[in-house]
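Fold and contact review
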Amino acid sequence: IGYDKYLYVKDPTVSFEPLEMTSSKRYLSAITKLSPSPDWFSGFHDFNAVNEDSNTWYEDFTIPVYPYDAGTEDGDTYNTFSTPSDPLQPISQFT
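Residues numbered from 1 in each chain as written. Predicted model: local features only at pLDDT ≥ 70, side-chain atom pairs only at ≥ 80, totals over all residues. Heavy atoms only, no water.

**Here's the deal with unusual backbone geometry**
Glycine aside, residues mostly have negative phi, and peptide bonds are mostly found in the trans state. Even without being glycine, Asp46 reaches a positive phi, approximately 55°. Position of Asp46 among the secondary structure elements: in strand 2 (residues 40-48). (Helix = DSSP H or I, 4+ residues; strand = E, 2+ residues; numbered from the N terminus.)

This is the structure in structure tokens:
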């Protein structure tokens, strides 16, 4: 795929304002589109914000995320002029 200034920034850290969580709302999920590609995305799901070994909340944490291709558009470049995949391809992680 090659180098892209949007995928390989110097500091890929994303910080959020403090989140209010409860014992019944202790999981985090997030997803984002990687523009301008029509079918690239990144995210994570069901991160448990409670350390199950100690049954305490994490004060801070890092969640590694990776870019994925949804398999809905043909092409291997980062642009918006791809044609739909036929048949659709499986979701795949960029390596």
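Moving on from the model shown.
**Topic: the pairing of strand 1 (residues 27-33)**
Alignment of strand 1 against strand 2, held across six bridges, turns out to be antiparallel. Residue Lys33 lies in a different strand from strand 2, and its bridge partner there is Phe41. Where strand 1 folds back onto strand 2 in an antiparallel hairpin, the turn is made up of six residues. (Pairing = 2+ DSSP bridges.)

**Details of the pairing of strand 2**
Relative to strand 5 (residues 67-69), strand 2 is paired through three bridges, and the arrangement is antiparallel. If you follow Trp40 over to strand 5, its bridge partner there is Asp69.

**Digging into the sheet that holds strand 5**
Either a parallel or an antiparallel arrangement is found when strands of a sheet pair, and the pairing is made through backbone hydrogen bonds. An order of 1-2-5-6 is seen for the four strands of this open sheet, with the pairing classed as antiparallel. Since the sheet does not close on itself, it has two edges, and those belong to strand 1 and strand 6 (92-93), each with one partner.

**Remarks on the packing of aromatic side chains**
For the coordinates displayed, the defined rule picks out five aromatic pairs. Ring centres of Trp40 and Phe94 lie 4.6 Å apart, and the angle between their planes is 70°; on these two criteria the pair is classed as edge-to-face. Placement of Trp40 in strand 2 and of Phe94 in the segment after strand 6 is noted, with a sequence separation of 54 residues between them. Here the two residues Trp40 and Phe94 agree in accessibility, since each one is buried. Relative to Tyr68, the ring of Phe41 lies with its centre 5.6 Å away and its plane at 20°, an arrangement referred to as stacked. Placement of the pair is Phe41 in strand 2 and Tyr68 in strand 5, with a sequence separation of 27 residues. Members of the aromatic cluster, each reached through a chain of ring pairs, are Phe47, Tyr58 and Phe61. (Phe/Tyr/Trp six-rings, centres within 6.5 Å; stacked < 30°, edge-to-face > 60°. Buried < 20%, exposed > 50% of the residue type's maximum accessible area, 1.4 Å probe, protein only.)

**Things to note about the environment of Asn51**
One can find Asn51 in strand 3 (residues 50-51). Setting aside anything within four residues of it in sequence, one finds Asn51 in contact with Thr56 and Tyr58. (Contact = heavy atoms within 4.5 Å.)

**Here's the deal with the environment of Ala70**
Considering the arrangement of structural elements, one finds Ala70 in the loop between strand 5 and strand 6. Sequence-wise, Ala70 and Phe41 are 29 residues apart; in three dimensions their C-alpha atoms are separated by 7.3 Å. Filtering out sequence-adjacent residues up to four positions away, Ala70 remains in contact with Asp39, Phe41, Gln89 and Ile91.

**Some words on the side chain of Ser42**
Within the element layout of this structure, Ser42 appears in strand 2. Of the polar contacts made by the side chain of Ser42, one reaches the backbone oxygen of Tyr66; its length is 2.9 Å. If sequence neighbours within four positions are ignored, Ser42 has contacts with Ala30, Ile31, Thr32, Leu34, Val65, Tyr66 and Pro67. (Polar contact = N/O pair within 3.5 Å; in protein donor to acceptor, adjacent residues only side chain to side chain.)

Any functional reading would require information beyond the geometric quantities listed.
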